[in-house]
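Per-entry structural report
Given next are the chains, with one letter for each unit.
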Amino acid sequence: MTTAPAGPTVPDEGRGAVRRVRVALVFGGVSSEHGVSCLTAAGVFSALDPERYEVVGVGITRTGRWVLVDDETLRGLAVVDGRLPELSEHAPDAMLLTHGPGSRLAVRDEVSYGGVDKHSALSWLGPVDVALSLLHGPFGEDGTIQGLFEMMGTRYVGAGVLASAVGMDKHFMKLVLSASGLPVGPFTTITPADWARDRSACLEAVSALRFPVFVKPARGGSSLGISKVDADTGGALVAAIEEAQRFDPKVVVEEGFVGARELECGVLSDVDGGIPQASAVAEIRVHSESGFYDFEAKYLPEEQVDLDVPALVDPTVADQVRDLAVRTFEAVGCEGLARVDVFLTREGRVVVNEINTMPGFTAHSMFPRMWAASGLDYPALVDRLIALALARPVGLR
Ligand SMILES: Nc1ncnc2c1ncn2[C@@H]1O[C@H](COP(=O)(O)OP(=O)(O)O)[C@@H](O)[C@H]1O
Ligand SMILES: [Mg+2]
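Residues numbered from 1 in each chain as written. Chains lettered and ligands numbered in written order. Predicted model: local features only at pLDDT ≥ 70, side-chain atom pairs only at ≥ 80, totals over all residues. Heavy atoms only, no water.

In this section: the site of ligand 1. Surveying the vicinity of ligand 1 reveals 18 residues, the closest of which are Lys 170, Lys 216, Ser 223, Phe 257 and Glu 262. In this structure, an oxygen atom belonging to ligand 1 sits 2.5 Å away from a side-chain N or O atom of Lys 170. Considering ligand 1 on its own, with 540 Å² of exposed area, one finds that the protein chains cover 95% of that surface. Grouping the constituent residues of the shell around ligand 1 by class yields six nonpolar, five polar and seven charged. Each of domain 2 (167-182 + 259-374 + 385-390) and domain 3 (187-255) accounts for three or more of the residues forming the shell around ligand 1. (Near = heavy atom within 4 Å. Polar contact = N/O pair within 3.5 Å; in protein donor to acceptor, adjacent residues only side chain to side chain. Areas by Shrake-Rupley, 256 points an atom, 1.4 Å probe, with all protein chains shown as cover. Nonpolar A, V, L, I, M, F, W, Y, C, P; charged D, E, K, R; others polar. Domains from an automatic or database assignment.)

Next up on the list: the pattern of salt bridges. Per the stated rule, a full pass over the model turns up 25 salt bridges. The closest approach of N and O atoms between Asp 169 and Lys 250, which form a salt bridge, is 2.9 Å. Remark: Lys 250 occurs in the loop between helix H8 (236-245) and strand S12 (251-255) and Asp 169 occurs in the loop between helix H4 (161-168) and helix H5 (170-179); sequence separation between them is 81 residues. Like Asp 169, the residue Lys 250 is buried in the burial classification. Residues Asp 308 and Arg 285 are paired through a salt bridge, measuring 2.9 Å at the closest nitrogen-oxygen approach. Highlighted residues: Asp 308 in strand S15 (residues 305-308) and Arg 285 in strand S14 (residues 277-286), separated in sequence by 23 residues. (Salt bridge = Lys/Arg side-chain N within 4 Å of Asp/Glu carboxyl O. Helix = DSSP H or I, 4+ residues; strand = E, 2+ residues; numbered from the N terminus. Buried < 20%, exposed > 50% of the residue type's maximum accessible area, 1.4 Å probe, protein only.)

Right, let's get into the nonpolar core. Residues Leu 25, Phe 27, Val 44, Phe 361 and Ile 386 are the most contacted members of the largest nonpolar core, which totals 35 residues. Elements with a contribution of two residues or more to this core: strand S2 (18-28), helix H1 (34-47), strand S3 (53-60), strand S4 (66-69), strand S8 (130-133), helix H11 (366-372) and helix H12 (378-390). Both domains that meet at this core, namely domain 1 (9-156) and domain 2 (167-182 + 259-374 + 385-390), each give it at least three residues. With 29 residues, the next largest nonpolar core counts Ala 163, Ala 318, Phe 329 and Val 340 among its residues. (Core = buried A, V, L, I, M, F, W, Y, C linked by side-chain atoms within 4.5 Å.)

Turning our eyes to something else, we now look at the UniProt feature "binding site: Mg(2+) 1" (unreviewed entry) in the protein chain. UniProt feature "binding site: Mg(2+) 1" (unreviewed entry): in the numbering of this structure it lies at Asp 341 and Glu 354. Mapped onto the secondary structure, Asp 341 falls in strand S16 (residues 337-344). You can see Glu 354 is positioned in strand S17 (residues 350-356). Aside from chain neighbours lying at most four places away, what touches Glu 354 is Lys 170, Met 173, Arg 339, Val 340 and Asp 341. (UniProt positions renumbered as here; feature names shortened; annotations may be inferred. Contact = heavy atoms within 4.5 Å.)

This is the structure:
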């Protein structure tokens, strides 16, 4: 007799039994957040109960190859000597194929016969019940992989195509939020066409903002390519724009909130389709040299930043942040999870900075910590996300 393991299971085609849920953990990626995504994958892998989930590691290398990653490699992804992990290019190709109403995985080895490189036949790795993409940044958090999953009939965790794309693009995100009546700060966008056609008009639009300004790649992440510009002297502004353009040809310039506090809030979809839930609110207090929450402060030395979970703020402010986080989640049409980051200005206003549809997700990251402070621990959080994804068919997302 077969006994069903506890937790979610799926019927085993035609055999009348149940089996563990097969999760494709997709991570790495071609974006500059490759290493961060690898850290997340190691964390999530350790949180997935092996009695209930069968995990298949699918890495995307820096060059964009999809490769199969074994459990031992997954477990070992860590910061070594201050360096973030990186996937090896030397692994069999992994591929996702449609299979009936769902999808399945296959691998293909590269073999050498008498000095000639050839590809071996495909080996089937079985069905994928749900994909959990832990990719941060462009080509992953921006709707692209969500579109692939849609085409392949793969159920997946998190926001759909449009919400992912809007969440990734700081320009369109601000348009959607302000059209929904939600507070965002003053900004201007410099498209590559604007910059090529009339640079001085772009710089004039920026000079209408109050300095300091923050110059950002429109579709960046982890603070990469962001500069704070205190005054437009000595070509500092042009240098900051060109630096941001190295990451994205489209650049957003925002008025800086001087002396504002940075607060964050996690949002999760409700299992029964009710109003999304907001976590405890957290605060980031930064003492980095740059004066903002930059890449180093996010991932490297701990001393540059204090994280208060929960934040030491007035309960009415925390409620305001939670309410704004849920409204932001819904305005963008998000599903599954998101972290909403806000500024509490010196005047006491709460303004949305951004929504992250695949926030940092190691056990030490803010999103899981905020949920732990709200009574949902890391393994329970991952369970919840998978349950939400399994319950929702693909299509028109
Ligand atoms: N308008 C702003 N005013 C003050 N600080 C800002 C502003 N925009 C960004 N920052 C600082 O820069 C950090 C990174 O900016 P953010 O827009 O969150 O980029 P990313 O998507 O890379 O996380 C923020 O966490 C904050 O410390
Ligand atoms: Mg941010």
